[in-house]
Amino acid sequence: MEYIARLIYQDSLSGNFDTTLHKYKAWLEGLIYTGNGNGSNGNPTSKPKQPPLLKLLEQRLIEHYAAADYSLLGNLKKFKKEIKTPTQAKEFMKWLEEKGLKVSSQKRYLTTLKVLRRDLFESIQLRVGEKPRPKPFTLDEVDRILDSLYNDPHYSHYYDFVLFLLNTGMRISEVIGIRWRDIDLDKREIHVYEVLNRDKGNSSKRKRQTTKTTKFRVVPVNNKLYQSLCNRSRGNPEDLVFTTPSGLVLDDHNISQRCWKKTLEKLGIEHRPLYTCRSTFISHCISSGIPPHDVAAIVGNSADVIFKHYLGSIRKPELPEL
């Protein structure tokens, strides 16, 4: 019952609630599959059959696309075995573990699988260890990264993009989708209410959606970012602020694997994903004395989420000598 309650709650939030309740009733009753197979020749059997897992997941993706579900679909196909029993379900989860998939990803997959076929995955439990604290970049590392990008003959185009990430703490998809109409340089503020997310795993196609929290927020513009934005050629209000050199929508995977990764390697800085710019901003804001609830409002999270997932140590605490 916990899963169906969660499903109804999530559908309500996303605007996908089935007012007929057929979807939820079918889930509770076990979604009878009426296709011909396994030698039945179309004859009814005494025991109802559940739909194949792949078909259920593909239908779920059609109704509501999610990157994690798309990745799960790929792994189910690579497994090359139809999962019909709880034992086979455990074999699949074991296979995911052996191929090195992170436990957090396994747990995310399992949540979806239990919604689709609780009869197969209900008894499987995973223990997820505590995530390591994020390791934000120090001020020295930030200066070296920006200086390197600014002077790099190949990647200087992305200097302003990275500087924007570091000085706003915004999510990458939010910055990729930011338009000139969202920036008020007179008031020195950025209005955040949309993201430009990938459309069904195709990085060349994106669609505009509301932010992760679906809430409007205002991000202040500091002096460094103000100068950077003033120096850029301002386009039409609907134009994206950041694009590729040829004017296309940015592909953060491409930037991460080429520009970002090579820059850190050249500088001898420990590799951390591009998303670390967000935790770097948050950690330095807290360290500088900005109240956590104010930082939370700027980056679009609660103070609890910030302390749990984003706040990293950027300097050693000075302990009292007793």
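For the structure itself, consult the block above.
Residues numbered from 1 in each chain as written. Predicted model: local features only at pLDDT ≥ 70, side-chain atom pairs only at ≥ 80, totals over all residues. Heavy atoms only, no water.

K.L.:
Got a minute to help me understand helix 14 (residues 292–299) in this structure?
P.N.:
Buried within helix 14 we find Val295, Ala296, Ile298 and Val299. Taken around the axis of helix 14, the buried residues stretch over an arc of 160°, which confines them to a single face. If you follow the buried residues of helix 14, they end up packed against helix 9 (159–168), strand 5 (217–220), helix 13 (276–287) and helix 15 (303–310). One or two positions beyond helix 14, positive phi appears at Gly300, with a value near 80°. (Buried < 20%, exposed > 50% of the residue type's maximum accessible area, 1.4 Å probe, protein only. Helix = DSSP H or I, 4+ residues; strand = E, 2+ residues; numbered from the N terminus. Arc of directions from axis to C-beta. Contact = heavy atoms within 4.5 Å.)

K.L.:
Can you walk me through helix 8 (residues 139–151) in this structure?
P.N.:
Because an α-helix packs 3.6 residues into every turn, residues spaced three or four apart end up facing the same way. Along its 13 residues, helix 8 runs 18 Å from first to last C-alpha, staying within 8% of the 18 Å computed at 1.5 Å per residue. Residues of helix 8 that are buried make contact with helix 9, helix 11 (223–230), helix 12 (252–267) and helix 13. (Expected span 1.5 Å × (residues − 1).)

K.L.:
What am I meant to see in the sheet that holds strand 1 (residues 183–184) here?
P.N.:
The pairing of strands in a sheet comes from backbone hydrogen bonds and takes either a parallel or an antiparallel form. In space, the three strands of this open sheet follow the order 1-2-5, with antiparallel pairing throughout. The sheet terminates laterally at strand 1 and strand 5, the two strands that pair on one side only. (Pairing = 2+ DSSP bridges.)

K.L.:
How should I be thinking about the nonpolar core in this particular structure?
P.N.:
Looking at soluble globular proteins, one finds that nonpolar side chains tend to be buried together. Within the largest apolar cluster, 52 residues are counted, with the highest numbers of intra-cluster contacts made by Phe161, Phe164, Ile183, Ile190 and Leu229. Among the elements that make up this core, the one with the highest residue count is helix 9 (seven residues). Here Phe164 is in contact with Met170, Val175, Ile183, Ile190, Leu225, Leu229 and Phe242, once residues within four sequence places are set aside. By size, the runner-up hydrophobic cluster in this structure holds 22 residues, among which are Leu53, Leu76, Leu96 and Leu116. (Core = buried A, V, L, I, M, F, W, Y, C linked by side-chain atoms within 4.5 Å.)

K.L.:
Sorry if this is basic, but what is going on with the pattern of salt bridges here?
P.N.:
A side chain with one charge may pair with a side chain of the opposite charge, provided their charged atoms come close. Under the criterion given, the structure shown has 15 salt bridges. Glu97 serves as the salt-bridge partner of Lys94, at 4.0 Å between the closest nitrogen and oxygen. A residue pair is termed a helical-turn pair when its members lie 3 or 4 positions apart in one helix, as Lys94 and Glu97 do in helix 5 (residues 86–98) at three residues. For Lys94, a relative accessible area of 44% translates into the label partly exposed. (Salt bridge = Lys/Arg side-chain N within 4 Å of Asp/Glu carboxyl O.)

K.L.:
Can you help me understand the packing of aromatic side chains in this one?
P.N.:
Working definition: an aromatic ring pair is given by the centre-to-centre distance plus the angle between the planes. Under the criterion given, the structure shown has nine aromatic pairs. Ring plane angle 70° and centroid distance 5.1 Å describe the contact between Tyr150 and Tyr159, whose orientation is recorded as edge-to-face. Given a relative accessible area of 54%, Tyr150 falls into the exposed group. An aromatic cluster is defined as three or more aromatic residues linked by ring pairs; in this entry it consists of Phe79, Phe92 and Trp95. In this structure, Lys99 is placed above the aromatic ring of Trp95, and the distance from its NZ or CZ to the ring centre is 5.4 Å. Across the ring face of Tyr226, the terminal group of Arg188 is positioned such that the distance to the ring centre comes to 3.7 Å. (Phe/Tyr/Trp six-rings, centres within 6.5 Å; stacked < 30°, edge-to-face > 60°. Lys NZ or Arg CZ within 6 Å of the ring centre and 35° of its normal.)

K.L.:
I'm lost on the packing of helix 5 against helix 6 (residues 103–116) in this one. Help?
P.N.:
Relative placement of two packed helices is described by the angle separating their axes and the distance separating the axes. Running from amino to carboxyl end, helix 5 crosses helix 6 at an angle of 160°, the nearest separation of the two axes being 11 Å. Taken together, the axis directions place helix 5 and helix 6 in an arrangement best described as roughly antiparallel. Between helix 5 and helix 6 the crossing geometry is right-handed. Of the residues in helix 6, those in contact with Phe92, Met93, Leu96 and Glu97 of helix 5 are Gln106, Tyr109, Leu110 and Leu113. Among the residues making up the contact of helix 5 with helix 6, the classes are represented as six nonpolar, one polar and one charged. (Axes fitted to C-alpha atoms, helices over the stretch in contact; angles between N-to-C directions. Parallel < 35°, antiparallel > 145°, perpendicular 65-115°, else oblique. Left-handed = near helix turned anticlockwise from the far one by under 90°. Nonpolar A, V, L, I, M, F, W, Y, C, P; charged D, E, K, R; others polar.)

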